[in-house]
Amino acid sequence: QVQLVESGGGLVQAGGSLRLSCAASGRTFSSYTMGWFRQAPGKEREFVAAVGWSGGNTLYADSVKGRFTISRDNAKNTVYLQMNSLKPEDTAVYYCAADALAYRMVVAVGGFGSWGQGTQVTVSS
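Described in the following lines is the structure provided in the data block. (Residues numbered from 1 in each chain as written. Predicted model: local features only at pLDDT ≥ 70, side-chain atom pairs only at ≥ 80, totals over all residues. Heavy atoms only, no water.)

1. Comments concerning unusual backbone geometry
Phase 1: Phi is positive for N77, close to 50°, though the residue is something other than glycine.
Phase 2: You can see N77 is positioned in the loop between β7 (68-73) and β8 (78-83).
Phase 3: With phi around 60°, Y103 is a residue other than glycine that occupies positive phi space.
Phase 4: Mapped onto the elements, Y103 comes out in the loop between β9 (92-99) and β10 (112-115).
Phase 5: What makes Y103 exposed here is its relative accessible area of 51%. (Helix = DSSP H or I, 4+ residues; strand = E, 2+ residues; numbered from the N terminus. Buried < 20%, exposed > 50% of the residue type's maximum accessible area, 1.4 Å probe, protein only.)

Below is the structure:
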């Protein structure tokens, strides 16, 4: 198991930016795909972005493509989500997640075995 702690959420106006961070501990960080998911009130948790174990591969949901950037620093055991041009519909609790298995790329909620506690992002119009 890996422990994940998110930070960086908050309140921002539409068009603004936020940077989320997720610090990991407890196992070899650099062997696992890391992902960001979000969940709005009354909705299912949805995939936002994922970055492969080396940082070379990234995947994005269509709704955030071109606005959000996921990255990781394996030396710091940290994954980031840079969010630009934020929209009110981006409002949600954002969760960091770690793949349950090493050396693969997944985007499904069920593929991730460890989750952070979540950080609230609110975008006002």
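Now, onward.
2. Notes on the state of the cysteines
Phase 1: Evaluated as defined, the whole model comprises 1 disulfide.
Phase 2: In this model C22 forms its disulfide with C96; the gap between the sulfur atoms is 2.1 Å. Residues C22 and C96 are joined by a disulfide whose S-S torsion is about -80°; by sign, that bridge is left-handed. Pair noted here: C22 is in strand β3 (residues 18-25) and C96 is in strand β9, with a separation of 74 residues, a long-range link. Accessibility classification places C22 together with C96 in one group, the buried group. (Disulfide = S-S within 2.5 Å.)

3. With respect to the pattern of salt bridges
Phase 1: For the structure shown, the criterion picks out 5 salt bridges.
Phase 2: E46 serves as the salt-bridge partner of R38, at 2.6 Å between the closest nitrogen and oxygen.
Phase 3: A relative accessible area of 6% means that R38 is categorised as buried.
Phase 4: Residue D62 is joined to K65 by a salt bridge in which the shortest nitrogen-to-oxygen separation is 3.1 Å.
Phase 5: Taken together, the shared-partner salt bridges in this structure form one network comprising R38, E46, R67 and D90. (Salt bridge = Lys/Arg side-chain N within 4 Å of Asp/Glu carboxyl O.)

4. Focus: the sheet that holds β3
Phase 1: With respect to topology, 4 strands assemble into an open sheet ordered β1-β3-β8-β7, the strand pairing being antiparallel. Two strands lie at the open edges of the sheet, namely β1 (3-7) and β7, each paired on one side alone. Sheet twist, expressed as the mean angle between neighbouring strand axes with direction ignored, is 15°. (Pairing = 2+ DSSP bridges. Axes fitted to C-alpha atoms, helices over the stretch in contact; angles between N-to-C directions.)

Bear in mind that shape data such as this cannot, by itself, settle questions of function.
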